[in-house]
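A closer look at the structure
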Amino acid sequence: MRERAGEIVAGGGLLAFRTDTFYGLGADPFNPSALERINTLKGRDGKPVLVLASEMSAANRLVARRTRAFEALAARHWPGAITLVAAARVGVPELLTAGTGTVGVRLPSDEAARAIAGACGGLLTATSANTAGAPPARTASEVASYFPAGLGIVIDGGETRSELPSTVVDVSGERPRLIREGVVPRAELETTLRAEGIEF
(Lines give C-alpha, C1' and ligand atoms only; values in the text may rest on other atoms or scores of the structure.)
Protein backbone atom coordinates (compact mmCIF):
# COMPACT_ATOMS: atom_id res chain seq x y z
CA MET A 1 0.00 0.00 0.00
CA ARG A 2 2.78 2.45 0.91
CA GLU A 3 4.71 1.55 -2.23
CA ARG A 4 1.61 2.24 -4.31
CA ALA A 5 1.14 5.54 -2.48
CA GLY A 6 4.70 6.52 -3.35
CA GLU A 7 4.12 5.72 -7.02
CA ILE A 8 0.92 7.77 -7.13
CA VAL A 9 2.51 10.82 -5.51
CA ALA A 10 5.66 10.57 -7.64
CA GLY A 11 3.40 10.57 -10.70
CA GLY A 12 1.68 13.79 -9.60
CA GLY A 13 -1.41 12.05 -8.25
CA LEU A 14 -3.37 12.53 -5.03
CA LEU A 15 -4.24 10.17 -2.20
CA ALA A 16 -6.07 10.28 1.11
CA PHE A 17 -4.77 8.85 4.38
CA ARG A 18 -5.38 9.03 8.12
CA THR A 19 -3.14 11.47 9.96
CA ASP A 20 -2.77 11.95 13.72
CA THR A 21 -5.89 14.14 13.62
CA PHE A 22 -8.24 13.71 10.63
CA TYR A 23 -7.92 12.20 7.15
CA GLY A 24 -5.76 14.30 4.86
CA LEU A 25 -5.23 14.75 1.14
CA GLY A 26 -1.69 13.82 0.18
CA ALA A 27 0.37 15.15 -2.73
CA ASP A 28 3.95 16.09 -3.50
CA PRO A 29 4.32 19.53 -1.86
CA PHE A 30 6.77 20.58 -4.57
CA ASN A 31 4.39 19.76 -7.45
CA PRO A 32 2.31 22.87 -8.26
CA SER A 33 -0.10 21.02 -10.56
CA ALA A 34 -0.86 18.48 -7.81
CA LEU A 35 -1.43 21.33 -5.34
CA GLU A 36 -3.77 22.97 -7.85
CA ARG A 37 -5.75 19.74 -8.10
CA ILE A 38 -6.14 19.63 -4.32
CA ASN A 39 -7.60 23.13 -4.30
CA THR A 40 -9.92 22.25 -7.18
CA LEU A 41 -11.11 19.05 -5.46
CA LYS A 42 -11.76 20.85 -2.19
CA GLY A 43 -13.39 23.79 -3.96
CA ARG A 44 -11.26 26.34 -2.18
CA ASP A 45 -8.80 29.00 -3.18
CA GLY A 46 -5.96 30.95 -1.64
CA LYS A 47 -5.39 29.02 1.59
CA PRO A 48 -2.03 27.58 2.67
CA VAL A 49 -1.59 23.81 2.51
CA LEU A 50 0.09 22.14 5.49
CA VAL A 51 2.71 19.41 5.09
CA LEU A 52 3.55 16.32 7.13
CA ALA A 53 7.19 15.29 7.54
CA SER A 54 8.33 11.71 8.00
CA GLU A 55 11.16 12.84 10.27
CA MET A 56 12.56 16.04 11.71
CA SER A 57 15.25 16.42 9.05
CA ALA A 58 12.67 16.32 6.23
CA ALA A 59 11.15 19.57 7.50
CA ASN A 60 14.42 21.34 6.68
CA ARG A 61 13.58 21.08 2.98
CA LEU A 62 10.68 23.49 3.58
CA VAL A 63 11.81 25.68 6.46
CA ALA A 64 14.24 28.54 5.85
CA ARG A 65 14.79 29.53 9.46
CA ARG A 66 14.15 27.85 12.80
CA THR A 67 13.43 30.46 15.45
CA ARG A 68 13.91 29.80 19.17
CA ALA A 69 10.16 29.19 19.45
CA PHE A 70 10.28 26.67 16.59
CA GLU A 71 13.12 24.78 18.28
CA ALA A 72 11.43 24.81 21.69
CA LEU A 73 8.02 23.66 20.49
CA ALA A 74 9.42 21.02 18.13
CA ALA A 75 11.69 19.61 20.84
CA ARG A 76 8.82 19.31 23.32
CA HIS A 77 5.76 18.55 21.14
CA TRP A 78 7.04 16.66 18.06
CA PRO A 79 6.09 14.04 17.12
CA GLY A 80 2.62 15.36 17.86
CA ALA A 81 -0.44 17.21 16.66
CA ILE A 82 1.12 20.66 16.46
CA THR A 83 1.67 22.42 13.14
CA LEU A 84 4.48 24.98 13.17
CA VAL A 85 4.30 27.82 10.67
CA ALA A 86 7.78 28.97 9.71
CA ALA A 87 9.50 31.05 7.03
CA ALA A 88 9.51 29.04 3.80
CA ARG A 89 12.64 28.29 1.81
CA VAL A 90 13.09 29.85 -1.61
CA GLY A 91 11.55 27.51 -4.16
CA VAL A 92 8.65 26.32 -2.01
CA PRO A 93 5.58 26.60 -4.30
CA GLU A 94 3.34 29.61 -3.76
CA LEU A 95 0.31 27.32 -3.82
CA LEU A 96 1.70 25.76 -0.64
CA THR A 97 2.32 29.08 1.12
CA ALA A 98 -0.63 30.97 -0.42
CA GLY A 99 1.78 33.84 -0.96
CA THR A 100 2.47 34.31 2.76
CA GLY A 101 6.16 33.40 2.60
CA THR A 102 5.52 30.89 5.37
CA VAL A 103 4.78 27.16 5.44
CA GLY A 104 3.03 24.96 7.98
CA VAL A 105 4.76 21.68 8.81
CA ARG A 106 4.07 18.89 11.30
CA LEU A 107 5.86 15.76 12.46
CA PRO A 108 2.84 13.57 13.28
CA SER A 109 2.66 11.21 16.24
CA ASP A 110 0.92 8.57 14.11
CA GLU A 111 3.59 6.10 12.95
CA ALA A 112 1.56 4.98 9.93
CA ALA A 113 1.20 8.59 8.76
CA ARG A 114 4.96 9.13 9.09
CA ALA A 115 5.60 5.90 7.17
CA ILE A 116 3.30 6.98 4.33
CA ALA A 117 5.05 10.36 4.17
CA GLY A 118 8.37 8.52 4.13
CA ALA A 119 7.25 6.33 1.23
CA CYS A 120 6.29 9.50 -0.65
CA GLY A 121 9.69 11.16 -0.35
CA GLY A 122 9.61 12.36 3.25
CA LEU A 123 7.12 15.20 2.82
CA LEU A 124 3.41 14.92 2.01
CA THR A 125 0.61 17.47 2.05
CA ALA A 126 -2.10 16.72 4.59
CA THR A 127 -4.81 19.33 4.18
CA SER A 128 -8.05 17.97 5.61
CA ALA A 129 -9.95 15.58 3.35
CA ASN A 130 -13.22 17.46 2.94
CA THR A 131 -14.85 19.87 0.57
CA ALA A 132 -14.88 23.55 1.55
CA GLY A 133 -17.22 24.16 4.49
CA ALA A 134 -17.79 20.46 5.28
CA PRO A 135 -16.51 18.70 8.43
CA PRO A 136 -13.13 16.94 8.10
CA ALA A 137 -13.41 13.27 7.17
CA ARG A 138 -12.86 10.86 10.07
CA THR A 139 -13.16 7.60 8.11
CA ALA A 140 -12.12 6.34 4.69
CA SER A 141 -15.79 6.01 3.69
CA GLU A 142 -16.38 9.69 4.48
CA VAL A 143 -13.40 10.55 2.26
CA ALA A 144 -14.90 8.47 -0.55
CA SER A 145 -18.25 10.22 -0.16
CA TYR A 146 -16.59 13.64 -0.42
CA PHE A 147 -14.37 12.63 -3.34
CA PRO A 148 -15.94 9.91 -5.53
CA ALA A 149 -13.32 10.78 -8.17
CA GLY A 150 -9.92 12.46 -8.30
CA LEU A 151 -7.93 10.38 -5.81
CA GLY A 152 -5.47 7.68 -6.83
CA ILE A 153 -5.97 5.77 -3.59
CA VAL A 154 -7.71 6.10 -0.22
CA ILE A 155 -5.68 4.35 2.47
CA ASP A 156 -8.08 3.05 5.10
CA GLY A 157 -6.43 3.55 8.47
CA GLY A 158 -9.63 3.13 10.43
CA GLU A 159 -11.51 5.87 12.25
CA THR A 160 -9.48 8.83 13.43
CA ARG A 161 -8.60 8.93 17.11
CA SER A 162 -8.91 12.69 17.49
CA GLU A 163 -11.95 14.94 17.48
CA LEU A 164 -9.80 18.07 17.38
CA PRO A 165 -7.54 19.43 14.64
CA SER A 166 -3.85 20.05 15.14
CA THR A 167 -2.82 23.12 17.08
CA VAL A 168 -1.26 25.69 14.74
CA VAL A 169 1.40 28.14 15.94
CA ASP A 170 3.13 30.78 13.83
CA VAL A 171 6.79 30.67 14.85
CA SER A 172 8.13 32.62 11.86
CA GLY A 173 8.87 35.72 13.98
CA GLU A 174 10.57 36.27 17.32
CA ARG A 175 7.27 36.19 19.22
CA PRO A 176 5.11 33.11 18.48
CA ARG A 177 1.41 33.52 17.72
CA LEU A 178 -1.36 30.98 18.24
CA ILE A 179 -3.37 30.59 15.03
CA ARG A 180 -5.59 27.69 16.11
CA GLU A 181 -5.93 25.88 19.40
CA GLY A 182 -6.46 22.16 18.83
CA VAL A 183 -5.09 18.95 20.31
CA VAL A 184 -2.25 20.71 22.16
CA PRO A 185 -3.82 23.32 24.48
CA ARG A 186 -2.52 26.85 24.83
CA ALA A 187 -1.52 26.24 28.45
CA GLU A 188 0.96 23.53 27.37
CA LEU A 189 2.47 25.84 24.78
CA GLU A 190 2.85 28.60 27.36
CA THR A 191 4.63 26.21 29.74
CA THR A 192 7.05 25.09 27.02
CA LEU A 193 7.83 28.62 25.86
CA ARG A 194 8.06 30.13 29.34
CA ALA A 195 10.72 27.57 30.26
CA GLU A 196 12.82 29.00 27.40
CA GLY A 197 12.12 32.61 28.32
CA ILE A 198 10.01 33.18 25.21
CA GLU A 199 7.03 35.53 25.33
CA PHE A 200 3.76 34.19 23.96
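To be clear, the structure that these remarks concern was listed above.
Described below are features of the structure shown in this document. (Residues numbered from 1 in each chain as written. Predicted model: local features only at pLDDT ≥ 70, side-chain atom pairs only at ≥ 80, totals over all residues. Heavy atoms only, no water.)

1. Things to note about helix H4 (residues 68–77)
- When we look at burial in H4, the residues that qualify are Ala-69, Phe-70, Ala-72, Leu-73, Ala-74 and His-77.
- Residues of H4 that are buried sit in contact with helix H3 (56–59), strand E4 (82–87), strand E9 (167–170) and helix H8 (186–195). (Buried < 20%, exposed > 50% of the residue type's maximum accessible area, 1.4 Å probe, protein only. Helix = DSSP H or I, 4+ residues; strand = E, 2+ residues; numbered from the N terminus. Contact = heavy atoms within 4.5 Å.)

2. What to know about H8
- All of the buried residues along H8 are Leu-189, Thr-192 and Leu-193. Angular distribution of buried residues about the axis of H8 spans 90 degrees; they occupy a single face of the element. Exposed and oriented more than 90 degrees from the buried face of H8 are Arg-194 and Ala-195.
- On its buried face, H8 sits against H4, E4, E9 and strand E10 (177–180). (Arc of directions from axis to C-beta.)

3. Topic: the pairing of E9
- Here E9 shows no split at all, with Thr-167 and Val-169 on one side and Val-168 and Asp-170 on the other all buried.
- Two strands pair when backbone bridges link them, and E4 and E9 are joined in this way by four bridges, in the parallel orientation. Opposite Leu-84, over in E9, you have Val-169 as the bridge partner.
- Both E9 and E10 contribute to a ladder of three bridges, which runs antiparallel. The residue bridging Val-168 from the neighbouring strand is Arg-180, located in E10.
- Where E9 folds back onto E10 in an antiparallel hairpin, the turn is made up of six residues. (Pairing = 2+ DSSP bridges.)

4. Some points on the environment of Gly-99
- Along the polypeptide, Gly-99 turns up in the loop between helix H5 (94–97) and strand E5 (102–106).
- For Gly-99, a relative accessible area of 51% gives the class exposed.
- For the pair Gly-99 and Thr-131, spaced 32 residues apart in sequence, the C-alpha separation works out to 22 Å.

5. Overview of the pairing of strand E2 (residues 23–26)
- Neither face of E2 is left uncovered, since the one carrying Tyr-23 and Leu-25 and the one carrying Gly-24 and Gly-26 both have all their residues buried.
- Sheet topology note: the E2/strand E7 (residues 127–128) ladder contains two bridges and is antiparallel. Each bridged residue has a counterpart across the sheet, and for Leu-25 the counterpart in E7 is Thr-127.

6. With respect to the environment of Ser-162
- Looking at the secondary structure, you find Ser-162 in the loop between strand E8 (153–154) and E9.
- Look at Ser-162 and you get buried, because its relative accessible area is 10%.
- When the C-alpha atoms of Ser-162 and Gly-182 are compared, they prove to be 9.9 Å apart, with 20 residues separating the residues in sequence.
- Excluding its chain neighbours within four sequence positions, the residues that come into contact with Ser-162 are Asp-20, Thr-21, Phe-22, Arg-138 and Val-183.
- Engagement of the side chain of Ser-162 in a polar contact is seen with the backbone oxygen of Leu-164, the distance being 2.7 Å. (Polar contact = N/O pair within 3.5 Å; in protein donor to acceptor, adjacent residues only side chain to side chain.)

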